[in-house]
Amino acid sequence: MVEKKCRNVGLDILKVIAAFFVVCIHAPFENEFGKDLKAISRCAVPIFFMITGFFFSKQTDNSKINKQILKLFKLCIVSNIFYIIFQIILFYIDGKEQEILFKSILNKESIKNLLIYNESPVYFHLWYLNALLYVLIIMKFVHQYNMMKYMYFLTPFLLIIDLIYGKYSLLLLHREIPYIQIRNFLFVGIPYFCIGKFINENVYTKIKEKNNVKYIFFIIIFIITTIFERRILISFNISATREHYISSTFLAIVLFIYFLIYKRESKLKSFIARIGRDYSTLIYIIHPVIIEILDRLMCNNSIYNKLYPIIIFIITCLICMLYKKINVKLKGITSI
């Protein structure tokens, strides 16, 4: 009998935190705390790439990689179709001509941005799925031709380029680079994927039995430095649109390691881990729909405005759970 492989509960919990951070980016608290939290939350997508890289072990065979790529490709297609339908509905409600929508999707610039920079012409946040697809395809060949050491070598340079042409472009280049040219598979996806893979292959066995409490200190330090970076750049009017700070990388890494070797469990933590395991991807995909709908229905509600990201996140989680239950029941019916 084959022993069932245990999941890493800590990383499942981290997925929930990262998913909440993504919501905080797109539906922030409307005060100074919200702006600081939004800056801190920029470590979320790097964390998702790191988790994928961590589980992309060097022993993974080509058939498993191909299945993962195919599954993600289907998810990209379904997600974009879903948002095309959603946009059509919004255009109909707002009385806009749907021809405008299709012109914005089907033009040379949009297609170029999709193919080169992973920018979805349908909805802004879907760039992550497109970038992850590119990363997995690239890593398939890197794995096949045993070139991982070159990717590790490139990683710090890609991260530095992200900063120079991204958040610090106004300071260093005296001009702002379009953020989609930096926020893509090359300067975000590949380096963080490689960091996650490097931790699996070179760090995890050395730290997995150690106490993770000391990493709390570093988490606090990099939260503070992220806030400090944001405020300093704003005070000197050199804060570029691309909101990925120097501290974002270090915060993502220490959060990842802290939860990677996290061992304390309880019923509540197991429940949170299950949300991360089963719903984090779906939360990422559908949360803008929830934001759009609730903003239209509750924009003048004071409680909604004060608890903005919390309400969005909770309702998104509940809808994801409901969707999964319905999906399971429908599969059960069709299999009879």
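None of the values given here were measured: they were computed from a predicted structure. (Residues numbered from 1 in each chain as written. Predicted model: local features only at pLDDT ≥ 70, side-chain atom pairs only at ≥ 80, totals over all residues. Heavy atoms only, no water.)

Caption draft 1: Structural context of the side chain of Ser79. Tracing the backbone shows Ser79 in helix 4 (residues 62-93). For Ser79, a relative accessible area of 3% translates into the label buried. (Helix = DSSP H or I, 4+ residues; strand = E, 2+ residues; numbered from the N terminus. Buried < 20%, exposed > 50% of the residue type's maximum accessible area, 1.4 Å probe, protein only.)

Caption draft 2: Representation of the nonpolar core. The biggest cluster of nonpolar side chains holds 97 residues, and the ones touching the most others in it are Phe49, Tyr128, Met139, Leu255, Phe256 and Ile312. Among the elements that make up this core, the one with the highest residue count is helix 13 (residues 267-298) (11 residues). (Core = buried A, V, L, I, M, F, W, Y, C linked by side-chain atoms within 4.5 Å.)

Caption draft 3: Summary view of the packing of aromatic side chains. With the rule as written, the count across this model stands at 25 aromatic pairs. Seen in terms of ring centroids, Phe54 and Phe256 are 5.7 Å apart; in terms of plane orientation they differ by 65°. Their pairing is edge-to-face. Of this pair, Phe54 sits in helix 3 (residues 44-55) while Phe256 is found in helix 12 (residues 246-260), placing the two residues 202 residues apart along the sequence. Since its relative accessible area comes to 5%, Phe54 is described here as buried. The buried category is assigned to Phe256, whose relative accessible area is 0%. Seen in terms of ring centroids, Tyr258 and Tyr262 are 6.0 Å apart; in terms of plane orientation they differ by 55°. Their pairing is tilted. Accessibility classification places Tyr258 together with Tyr262 in one group, the buried group. Looking at Lys96, its charged tip hangs above the ring of Phe91, at a distance of 5.3 Å from the centre. (Phe/Tyr/Trp six-rings, centres within 6.5 Å; stacked < 30°, edge-to-face > 60°. Lys NZ or Arg CZ within 6 Å of the ring centre and 35° of its normal.)

Caption draft 4: A look at the confidence of the model for the protein. Chain-level pLDDT for the protein is 93 on average; 96% of the residues reach the 70-or-more range. Taking the mean pLDDT of every element in the protein, the minimum, 86, falls on helix 5 (residues 98-105) and the maximum, 98, on helix 12. (pLDDT = per-residue confidence, 0-100.)

Caption draft 5: View of the pattern of salt bridges. In this structure the tally under the stated criterion is 15 salt bridges. Across the pair Asp36 and Arg230 runs a salt bridge whose closest N-O atoms are separated by 2.9 Å. Of this pair, Asp36 sits in helix 2 (residues 32-40) while Arg230 sits in helix 11 (residues 214-235), and the two are 194 residues apart along the sequence. As far as the burial class goes, Asp36 and Arg230 line up, both buried. (Salt bridge = Lys/Arg side-chain N within 4 Å of Asp/Glu carboxyl O.)

Caption draft 6: Broad picture of helix 3. The terminal C-alpha atoms of helix 3 lie 17 Å apart, and with 12 residues this matches the ideal 16 Å at 1.5 Å per residue to within 8%. The buried count for helix 3 comes to 11 of 12 residues, which makes it a mostly enclosed element. Buried residues of helix 3: Ala44, Val45, Pro46, Ile47, Phe48, Phe49, Met50, Ile51, Thr52, Gly53 and Phe54, and no others. Close packing links the buried residues of helix 3 with helix 1 (9-26), helix 4, helix 7 (127-144), helix 10 (185-207), helix 12 and helix 13. (Expected span 1.5 Å × (residues − 1). Contact = heavy atoms within 4.5 Å.)

Caption draft 7: Here's a closer look at a nonpolar patch on the surface. On the surface, a cluster of nonpolar side chains totalling about 820 Å² of accessible area is made up of Leu70, Phe73, Ile77, Ile81, Ile85, Ile89, Tyr92 and Ile93. When you line up the elements, Ile81 lands in helix 4. (Patch = residues over 30% accessible without salt bridge, like charges linked within 9 Å, V, L, I, M, F, W, Y side chains within 5 Å. Areas by Shrake-Rupley, 256 points an atom, 1.4 Å probe, with all protein chains shown as cover.)

Caption draft 8: Representation of the side chain of Asp36 within the structure. Assessed through its relative accessible area of 7%, Asp36 is described here as buried. Of the polar contacts made by the side chain of Asp36, one reaches the side chain of Arg231; its length is 2.4 Å. Once residues lying within four places of it in the same chain are set aside, the contact partners of Asp36 are Ile227, Arg230 and Arg231. (Polar contact = N/O pair within 3.5 Å; in protein donor to acceptor, adjacent residues only side chain to side chain.)

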